[in-house]
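Results of the structural survey
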Amino acid sequence: MSQRIRKAVFPVAGLGTRFLPATKAMPKEMLTVVDRPVIQYAVDEARAAGIEHFIFVTGRNKGVIEDHFDVQVELEATLEARGKTEALEELRRDLPPAGSSSFTRQQFPLGLGHAVWCARDLVGNEPFALLLPDMVMKSETPCLANMCSLYERTGGNILSVEQCAPEFTHRYGIVGVGDDVQDGGGSAFKISEMVEKPDPSVAPSNLFINGRYILQPEIFDILSRQKAGAGNEIQITDAMVELMSEQSFFGQEFHGQTFDCGSKIGFLAANVAFALDREDIESGFRAELDIILGL
């Protein structure tokens, strides 16, 4: 039986230069989609999958993320005194249990692979989930929960994937499709290869890795000696390619919406999609959209 996935790593050390000047003094992960920070969506997804330990790989000027996942005594006292019980209960629901959050530093921006390696001692010798907070998922069943269900049957390493237009394969890490794996909906398969940003003419498929991973701890040894790859950074994809020679990788196609909140367009689209899903503001927001669009 596969060891249960208890820990999740969240790389949050990026500078967020695409959102300057908004991110000059505020981490991009704290930008809000409607009224929740981007990082909260990833943590919510992890909690829904049964994750017990939340590991944040941070950088300079990211202390507000740690504060966000801590008790705000004065704020809670004020809300309680004013009878704002609904807001108070929501804050407490969002708070991870005491002792379940850890923070470590990535001192230099050496890439995603290096950020993951920085979490090695906190993860230890057990499989773990990796969630890229920029990628905000919207679906009936949370993406990571589905991945954990597949992992219980297959073990190994699991990557969430989804389709892109074939002409855009050069933007992503692309996987090759091997044998199908029984997965209820029939959307899981053994990964035959991984290629970082291939030209459409040689891409093995149009399925890209969308920012959700379940990885075995052997990845850390590979990352410890990994040389810089694309962009002169240590790439997690390069390490996974090496690990594929020793362990199985499985892909699970995600059926939902993914918003790349590391880009302005994706961030704005996420705000619209999640606002239209909110019963408390949907009607008024839709009316404002109609006015803006001249409908």
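Remember, it's a predicted structure, so these values are computed and weren't measured experimentally.

**Some points on the side chain of Arg36**
Here Arg36 lies in strand E3 (residues 36-37). Among the polar contacts listed, one links the side chain of Arg36 to the side chain of Asp94, at a separation of 3.0 Å. Once you skip the residues sitting within four places of it in the chain, Arg36 turns out to touch Leu31, Tyr41, Asp44, Glu90 and Asp94.

**Quick notes on helix H9 (residues 236-243)**
The set of residues buried in H9 consists of Ile236, Thr237, Ala239, Met240 and Leu243. Viewed along the axis of H9, the buried residues span an arc of 160°, placing them on a single side of the element.

**Re the pairing of strand E8 (residues 157-163)**
For E8, the buried fraction is high: 6 of the 7 residues fall into the buried class. Judged from the 5 bridges that link them, E8 and strand E12 (residues 249-253) form a sheet pairing that is parallel. Residue pairing for E12: Val161 is matched across the bridge by Glu253.

**Regarding the confidence of the model for the protein chain**
Averaged over all residues, the pLDDT of the protein chain is 92; the fraction at 70 or higher stands at 98%. Taking the mean pLDDT of every element in the protein chain, the minimum, 88, falls on strand E9 (residues 173-181) and the maximum, 98, on strand E6 (residues 128-131).

**Some details on the state of the cysteines**
For the coordinates displayed, the defined rule picks out 0 disulfides. Lacking any disulfide linkage, Cys143 is separated from the closest cysteine sulfur, that of Cys148, by 9.6 Å. Residue Cys143 is classed as buried on the basis of its relative accessible area, which comes to 3%. A disulfide-free cysteine, Cys261 has its sulfur positioned 15 Å from the sulfur of Cys143, the nearest such atom.

**Some points on a nonpolar patch on the surface**
Judged by side-chain polarity, Ile292, Leu293 and Leu295 come together as a nonpolar surface patch covering roughly 390 Å² of accessible area. Locating Ile292 in the fold gives a position in helix H11 (residues 282-293).

**Section: the nonpolar core**
Grouped together as the largest cluster of nonpolar side chains are 32 residues, with contacts concentrated most on Phe128, Leu159, Val175, Tyr213, Ile219 and Met240. When contributions to this core are tallied by element, the ones reaching two or more residues are strand E4 (53-58), helix H5 (112-117), E6, E8, strand E10 (188-196), strand E11 (207-215), helix H8 (219-224) and H9. Core analysis: the next-biggest nonpolar cluster, separate from the first, contains 31 residues, Phe10, Met30, Phe54 and Met147 among them.

**Examining the packing of aromatic side chains**
Enumeration over the complete set of coordinates arrives at 9 aromatic pairs. Judged by centre distance (4.2 Å) and plane angle (20°), the rings of Tyr172 and Phe208 are stacked. Separated by 36 residues along the polypeptide, Tyr172 in the loop between E8 and E9 and Phe208 in strand E11 bring together distant segments of the chain. Given the relative accessible area of 26%, Tyr172 is considered partly exposed. Among the aromatic residues, those joined into a ring-pair cluster are Phe10, Phe54, Phe56, Phe69 and Phe103. A cation over a ring is seen here: Arg120 above Trp117, with NZ or CZ 3.7 Å from the ring centre.

**Digging into the pairing of E11**
In terms of burial, E11 is a largely internal element, 9 of the 9 residues being buried. As judged from the 4 bridges shared by E6 and E11, these two strands associate in the antiparallel manner. Residue pairing for E11: Leu130 is matched across the bridge by Tyr213.

**Remarks on the packing of helix H3 (residues 73-81) against helix H4 (residues 85-94)**
H4 packs onto H3 with a crossing angle of 150° between their chain directions and a minimal axis gap of 8 Å. The angle between H3 and H4 places the two elements in the roughly antiparallel class. For the pair H3 and H4, contact is made by Leu75, Glu76, Leu79 and Glu80 and by Ala87, Leu88, Leu91 and Arg92, respectively. A per-class count over the contact of H3 with H4 returns 5 nonpolar, no polar and 3 charged.

What counts, and at which threshold
- Residues numbered from 1 in each chain as written.
- Predicted model: local features only at pLDDT ≥ 70, side-chain atom pairs only at ≥ 80, totals over all residues.
- Heavy atoms only, no water.
- Helix = DSSP H or I, 4+ residues; strand = E, 2+ residues; numbered from the N terminus.
- Polar contact = N/O pair within 3.5 Å; in protein donor to acceptor, adjacent residues only side chain to side chain.
- Contact = heavy atoms within 4.5 Å.
- Buried < 20%, exposed > 50% of the residue type's maximum accessible area, 1.4 Å probe, protein only.
- Arc of directions from axis to C-beta.
- Pairing = 2+ DSSP bridges.
- pLDDT = per-residue confidence, 0-100.
- Disulfide = S-S within 2.5 Å.
- Patch = residues over 30% accessible without salt bridge, like charges linked within 9 Å, V, L, I, M, F, W, Y side chains within 5 Å.
- Areas by Shrake-Rupley, 256 points an atom, 1.4 Å probe, with all protein chains shown as cover.
- Salt bridge = Lys/Arg side-chain N within 4 Å of Asp/Glu carboxyl O.
- Core = buried A, V, L, I, M, F, W, Y, C linked by side-chain atoms within 4.5 Å.
- Phe/Tyr/Trp six-rings, centres within 6.5 Å; stacked < 30°, edge-to-face > 60°.
- Lys NZ or Arg CZ within 6 Å of the ring centre and 35° of its normal.
- Axes fitted to C-alpha atoms, helices over the stretch in contact; angles between N-to-C directions.
- Parallel < 35°, antiparallel > 145°, perpendicular 65-115°, else oblique.
- Nonpolar A, V, L, I, M, F, W, Y, C, P; charged D, E, K, R; others polar.

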